[in-house]
Amino acid sequence: TGWGSAAFLKNIDTDKYHVTVISPRNYFVFTPMLAGASVGTVDFKSITEPIREINSKVRYLEAAATEIDPKTNTISCISIVCEGNSCETEMFDVNYDRLLFSVGAQTTTFGTPGVEEYCNYLKQVGDAQQ
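Residues numbered from 1 in each chain as written. Predicted model: local features only at pLDDT ≥ 70, side-chain atom pairs only at ≥ 80, totals over all residues. Heavy atoms only, no water.

Glancing now at the overall build of the protein chain. A tally of helices and strands in the protein chain yields five helices and seven strands. C-alpha atoms of the protein chain, sized along the principal axes, occupy 45 × 40 × 30 Å. For the protein chain, the residues scored as buried account for 25% of the 130 residues in total. Within the protein chain, contacts between residues separated by at least 24 positions form 49% of all contacts whose residues are at least 6 apart in sequence. In the structure as shown, the protein chain presents an accessible area of about 9,600 Å², 50% of it carried by carbon and sulfur atoms. A distance of 9 Å separates the average location of the 10 positive side-chain charges in the protein chain from that of its 16 negative side-chain charges. (Helix = DSSP H or I, 4+ residues; strand = E, 2+ residues; numbered from the N terminus. Buried < 20%, exposed > 50% of the residue type's maximum accessible area, 1.4 Å probe, protein only. Contact = heavy atoms within 4.5 Å. Areas by Shrake-Rupley, 256 points an atom, 1.4 Å probe, with all protein chains shown as cover. Lys, Arg positive; Asp, Glu negative; His and termini not counted. Charge placed at Lys NZ, Arg CZ, Asp CG, Glu CD.)

Structure (structure tokens):
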């Protein structure tokens, strides 16, 4: 649910296509404003947009895709389901006719010694709240 996915969801014709979004995060984050949110200049709610508000006609599954099998057109997923203080993982498969996947950007350290051990990344709302 990054930039590419959000743009795609805003423009997809849901009268032509049945769209399912699989993502561990149910919202889009406007990442350039994370620094401002971390110091209180802007509210966290003002830099996030729920997937269902981006396009209310898409089906959303809060899960992580763990494997794609192009031979059977199946995506294996894992989800964490919590009730009260108890949480369990649930594994399930989703079938597809056509697949578009957007994996987002990977943070790089450029091989700089000490970055992985001492850096505070700023990519998610949780990072900005620390």
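The next thing to look at is helix H1 (residues 3-11). Since one α-helical turn is 3.6 residues long, residues separated by three or four positions face the same way. Those residues of H1 lying buried are Ser 5, Ala 6 and Leu 9. Within H1, the buried residues cover an arc of 100° as seen down the axis, which keeps them to one side. Among the exposed residues of H1, those pointing more than 90 degrees away from its buried face are Lys 10 and Asn 11. Tucked inside the fold, the buried residues of H1 contact strand E1 (20-23), strand E2 (27-29) and helix H3 (51-54). (Arc of directions from axis to C-beta.)

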